[in-house]
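A structural walkthrough
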Amino acid sequence: MEREDDEMIELTVLGSHSPYAPANGACSGYLVEIDGFNIMMDCGNGTFSRLQKHIDFAKLNIVILTHLHPDHYSDIYCLRQAIGSAIKSGQREEPLFVYLPDAPTSIADEIRSWQDVFYTVSLEEALATEQDFNLFQLSFFKTKHSVPSYGVKISHNGQNMLVYTSDTGWYSELADHCRGAKLLLVEASLRDYELQDLGDVHLTAAQAGRLGHMAQVENMILTHFFPNHNLFQLQREAEQTFEGKVNLAKMGSKFQIEP
């Protein structure tokens, strides 16, 4: 199926909080729609119910678990039940493709054991080659976190359309992975004064802005918010180091990316 010039990639924020969600909120989860192809990037607490406000879950094509912390994967248990029911009822014919890390092994092995509902793909193995889906290309990169964690790149004709950092501290190659993205979905968990406590495994808002500047991205969305943080302070800090548009990942917000 060929993609028309006027078709867009659409990103919907299903949830953006960590390590727990506030009232009426959800943890990390994002829906990417590309001409009827549906990708769910992370499925933290509360995101599966939010997904169903936007698409029929039985029409999911891929789920990517960037790392196995509960705020990024815990609704995989809901998905297991839902996809299993859809297959039994005839709403869906095939198991769902799930990309996930190899560790922590106890969690990864449990998810891989659900072979009646999931085809699982190791992110460690997927690092080696770009996955070509005709409509788009999918690739991954390692991030700096307390468990194995991977960023996601969605490209089209060699152009980085969408880059999602997932959880990461600052490291020298990060800007290279995000280079030239039309939209950067970047964690901005911390204020600068918190860097000493958690900066090895998370980014500050100012670092997120600096990343966008160094990588020469067009626009960015800040995400992965602690519930007690003032989001507009995070936005202002990122704006001090990035010249483009800085958006906040508000639940239900949609962002279109033109090819």
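Before going into details, it helps to say that this report is about the structure given with it. (Residues numbered from 1 in each chain as written. Predicted model: local features only at pLDDT ≥ 70, side-chain atom pairs only at ≥ 80, totals over all residues. Heavy atoms only, no water.)

1. Notes on the packing of aromatic side chains
Applicable threshold: Side-chain rings of Phe, Tyr and Trp, where Trp is taken by its six-membered ring, are said to pair if the distance between their centres is within 6.5 Å; with planes under 30 degrees apart they count as stacked, over 60 as edge-to-face, and otherwise as tilted. Exposure is judged per residue with a 1.4 Å probe applied to protein chains only, and the accessible area is read against the type maximum: over 50% gives exposed, under 20% gives buried, and values in between give partly exposed. Over a ring means this: the NZ of a Lys or the CZ of an Arg is within 6 Å of the ring centre and within 35 degrees of the ring normal.
All chains considered together, the criterion is met by 10 aromatic pairs. Considering the side-chain rings of Trp114 and Phe118, the 6.0 Å spacing of their centres and the 55° angle between planes classify their relative orientation as tilted. By the burial criterion, Trp114 is buried, and Phe118 matches it. Three or more aromatic residues joined by ring pairs form one cluster here, namely Tyr73, Tyr77, Trp114 and Phe118. Of note, Arg210 hangs over the ring of Trp170, and the distance from its end group to the ring centre comes to 5.9 Å.

2. Quick word on the sheet that holds strand β5 (residues 96-100)
Rules: DSSP-based pairing: two strands are paired if at least 2 bridges between them are found. Here a strand is any run of E in DSSP of at least two residues, a helix any run of H or I of at least four, and the numbering for each starts at the N terminus. Interaxial angles span 0 to 180 degrees and are taken between N-to-C directions of axes, which are lines fitted to C-alpha atoms, for helices over the stretch in contact.
The seven strands are arranged β6-β5-β4-β3-β2-β1-β14 in an open sheet whose pairing can be described as mixed. If you trace the sheet from one side to the other, it starts and ends with β6 (118-122) and β14 (254-257), each paired once. The sheet shows a mean angle of 20° between the axes of neighbouring strands, taken without regard to direction. Two strands pair when backbone bridges link them, and strand β2 (residues 29-34) and strand β3 (residues 37-43) are joined in this way by six bridges, in the antiparallel orientation.

3. With respect to the sheet that holds strand β7 (residues 131-132)
How we decide: Note on definitions: a residue-residue contact is assigned when non-hydrogen atoms from the two residues lie within 4.5 Å.
Ordered in space as β7-β8-β9-β10-β11-β12-β13, the seven strands form an open sheet in which the pairing is mixed. Since the sheet does not close on itself, it has two edges, and those belong to β7 and β13 (245-248), each with one partner. Where strand β11 (residues 183-187) meets strand β12 (residues 219-223), five bridges bridge the pair, whose relative direction is parallel. When the sheet's bridge partners are listed, Leu183 is paired in β12 with Asn219. Seen against the sheet, helix α8 (residues 205-215) touches β11 and β12 and runs at an angle of roughly 155° to β11. The strands touched by helix α9 (residues 231-239) within the sheet are β12 and β13, with β13 carrying the most contacts at an inclination of about 160°.

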